[in-house]
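# Close look at the chain arrangement
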Amino acid sequence: MIHPDGKRLLATHYCAAHNQPRMALVPSKAPNQVAFDFVDGTNIAPGDMHMRGVVFTFVDADHHEESWTSTGSAAPSVFKFTRKK
């Protein structure tokens, strides 16, 4: 869920692991990307795995990719989406 929080933009991940990491908008590496990095979260105990970042890449008008990183994994999980027409 992407939402405003005062002057910043946050992404909250409502996880199946029953935690809710919040990530704030950060500068992205490319003009077709929107990136968020971990700020804080609820229901996250010290040492718990949780999402720590996401990058949305807009490939074209009909395709986008989401690259999610978590605290327990070195490699991101990448999901590719195609608009259904």
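This report concerns the structure included in the present document. (Residues numbered from 1 in each chain as written. Predicted model: local features only at pLDDT ≥ 70, side-chain atom pairs only at ≥ 80, totals over all residues. Heavy atoms only, no water.)

Before going further, it helps to spend a moment on the overall build of the protein chain. A tally of helices and strands in the protein chain yields zero helices and seven strands. In the protein chain, the order of α-helices and β-strands from amino to carboxyl end is β-β-β-β-β-β-β. Dimensions of the protein chain along its principal axes, counting C-alpha atoms only, are 40 × 30 × 25 Å. Looking at the 85 residues of the protein chain, the share that counts as buried comes to 24%. For the protein chain, long-range pairs separated by at least 24 residues make up 15% of all intrachain contacts whose partners lie at least 6 apart in sequence. Of the roughly 5900 Å² of accessible surface on the protein chain, 58% is carried by carbon and sulfur atoms. Each charge class in the protein chain can be summarised by its mean position, and for the 9 positive and 8 negative side chains these summaries are 3 Å apart. (Helix = DSSP H or I, 4+ residues; strand = E, 2+ residues; numbered from the N terminus. Buried < 20%, exposed > 50% of the residue type's maximum accessible area, 1.4 Å probe, protein only. Contact = heavy atoms within 4.5 Å. Areas by Shrake-Rupley, 256 points an atom, 1.4 Å probe, with all protein chains shown as cover. Lys, Arg positive; Asp, Glu negative; His and termini not counted. Charge placed at Lys NZ, Arg CZ, Asp CG, Glu CD.)

With that settled, consider the sheet that holds strand β7 (residues 77-82). Across the sheet, which stays open at both edges, the seven strands sit in the order β1-β2-β3-β4-β5-β6-β7 with antiparallel pairing between neighbours. The open sheet has two edge strands, β1 (2-5) and β7, and neither has a second partner. The sheet shows a mean angle of 30° between the axes of neighbouring strands, taken without regard to direction. Pairing between β1 and strand β2 (residues 8-12): four bridges, direction antiparallel. Looking at β2, one finds that Asp-5 is bridged to Arg-8. (Pairing = 2+ DSSP bridges. Axes fitted to C-alpha atoms, helices over the stretch in contact; angles between N-to-C directions.)

Here we come to the environment of Ser-77. Secondary-structure assignment places Ser-77 in strand β7. Judged by its relative accessible area of 39%, Ser-77 is partly exposed. Taking the C-alpha atoms as reference points, Ser-77 and Glu-66, separated by eleven residues in sequence, lie 8.0 Å from one another. Beyond its immediate chain neighbours, meaning those up to four positions away, Ser-77 contacts Glu-66, Ser-67 and Trp-68.

Bridge count between strand β3 (residues 20-26) and strand β4 (residues 33-42): seven bridges; the pairing is antiparallel. Considered in β4, the bridge of Ala-24 is made with Asp-37. The hairpin turn running from β3 into β4, its antiparallel successor, is six residues long. Pairing of β4 with strand β5 (residues 51-60), which is carried by five bridges, proceeds in the antiparallel orientation. Across the sheet, residue Asp-37 finds its bridge partner in β5, namely Gly-53.

With respect to the helices and strands, His-13 occurs in the loop between β2 and β3. In contact with His-13, not counting residues within four places along its chain, are Asn-19, Gln-20, Pro-21, Met-23, Met-51 and Trp-68.

Mapped onto the secondary structure, Ser-70 falls in strand β6 (residues 63-70). Apart from residues lying up to four places away in sequence, Ser-70 is in contact with Met-49, His-50, Met-51 and Arg-52.

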